[in-house]
Amino acid sequence: AQSVSQHNHHVILSEAASLELGCNYSYGGTVNLFWYVQYPGQHLQLLLKYFSGDPLVKGIKGFEAEFIKSKFSFNLRKPSVQWSDTAEYFCAVTYTGFQKLVFGTGTRLLVSP
Amino acid sequence: EAQVTQNPRYLITVTGKKLTVTCSQNMNHEYMSWYRQDPGLGLRQIYYSMNVEVTDKGDVPEGYKVSRKEKRNFPLILESPSPNQTSLYFCASSAHTGTDGYTFGSGTRLTVV
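Okay, so let's go over this structure. All figures in this text were calculated on a predicted structure; none of them were measured in a lab. (Residues numbered from 1 in each chain as written. Chains lettered and ligands numbered in written order. Predicted model: local features only at pLDDT ≥ 70, side-chain atom pairs only at ≥ 80, totals over all residues. Heavy atoms only, no water.)

## Section: the sheet that holds strand S3 (residues 19-25) of chain B
Hydrogen bonds along the backbone pair up the strands of a sheet, which may run parallel or antiparallel. Residue and element names in this part refer to chain B. Judged by pairing direction, the sheet is antiparallel, and its 4 strands sit side by side in the order S1-S3-S8-S7 without closing on themselves. This sheet does not close on itself; its edge strands, each paired only once, are strand S1 (4-7) and strand S7 (65-66). Bridge analysis of S1 against S3 gives 4 bridges, and the strand direction is antiparallel. Note on S3: the bridge partner recorded for Asn7 is Thr22. (Pairing = 2+ DSSP bridges. Helix = DSSP H or I, 4+ residues; strand = E, 2+ residues; numbered from the N terminus.)

## Structural notes on the state of the cysteines
Residue and element names in this part refer to chain B. Considering all chains together, one arrives at 2 disulfides over all chains under this definition. For Cys23, the disulfide goes to Cys91, at an S-S distance of 1.8 Å. Residues Cys23 and Cys91 are joined by a disulfide whose S-S torsion is about -70 degrees; by sign, that bridge is left-handed. With Cys23 in strand S3 and Cys91 in strand S9 (residues 87-94), the pair connects residues that are 68 residues apart, well separated along the chain. When its relative accessible area of 3% is taken as the criterion, Cys23 is described as buried. Under the relative-accessibility criterion, Cys91 is labelled buried at 0%. (Disulfide = S-S within 2.5 Å. Buried < 20%, exposed > 50% of the residue type's maximum accessible area, 1.4 Å probe, protein only.)

## Description of the pattern of salt bridges
Residues and elements named next belong to chain A. Applying the stated criterion across every chain, the model contains 10 salt bridges over all chains. The residue Arg77 makes a salt bridge to Glu64 at a minimum N-O spacing of 3.5 Å. Here Arg77 is found in strand S9 (residues 73-78), whereas its partner Glu64 is found in strand S8 (residues 64-68), with 13 residues between them in sequence. Here Arg77 falls in the partly exposed class, since its relative accessible area comes to 22%. (Salt bridge = Lys/Arg side-chain N within 4 Å of Asp/Glu carboxyl O.)

## Remarks on the packing of aromatic side chains
Two measures describe an aromatic ring pair: the distance that separates the ring centres and the angle between the ring planes. Residues and elements named next belong to chain B. For the coordinates displayed, the defined rule picks out 15 aromatic pairs over all chains. Pairing Tyr35 with Phe104 gives two aromatic rings, centres 6.2 Å apart and planes at 50 degrees, and the pair type is tilted. Here Phe104 lies in strand S10 (residues 103-104) and Tyr35 lies in strand S4 (residues 31-38), a separation of 69 residues in the sequence. For the pair Phe90 and Phe104, a centre-to-centre distance of 6.2 Å together with 90 degrees between the ring planes defines the contact as edge-to-face. In this pair, Phe90 is assigned in strand S9 and Phe104 in strand S10, connecting sequence segments 14 residues apart. Neither residue differs from the other here; Phe90 and Phe104 are each classed as buried. (Phe/Tyr/Trp six-rings, centres within 6.5 Å; stacked < 30°, edge-to-face > 60°.)

None of the figures reported here should be taken as evidence of function without further support.
Here it is as structure tokens:
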């Protein structure tokens, strides 16, 4: 079955710390990968996406992610987090030939000032 | 402004009282979908639609109905709501889910008592 695993359910960091959130997807052929962010009380917004080309993708607000095909991973990174990055982060995938966007269970990030 | 509009934002209802959550998009997107978000479970797809008059079940369709009579609208219907349908609901649309991901509405927080 198509699935996405996010290893960290809760992450607490101090401002300026570096961030890496893990995401692994189940094998299912060619994939398109996404990271969404949900700020408290708001809807999901697209941070970045990968569908082909350079496996290192850059998104908004200084976030980036690296697609490692051999590890079925798409980890999200940011060199220096800010208090305003406090949010829930969702990894998601679509498999070629399927329309459904499959989500991980999310990671709640709390950044303390 | 390109957007997905859901109404209402908040709804409290009683068990068994039929309700409809509306969803409208102004981007001429073919694909639309409903998700529910529950703590620890991430987002799970309820129903999706690939075009007008074409709908299909997602992962958790029990207790829900949808219709797609017009391209822009995709209402979610709960014929007889139950407390286990208390959740945060998101409507989403996309031109091409494989490469664009979804644009999400602001969400509807439903409480069934």
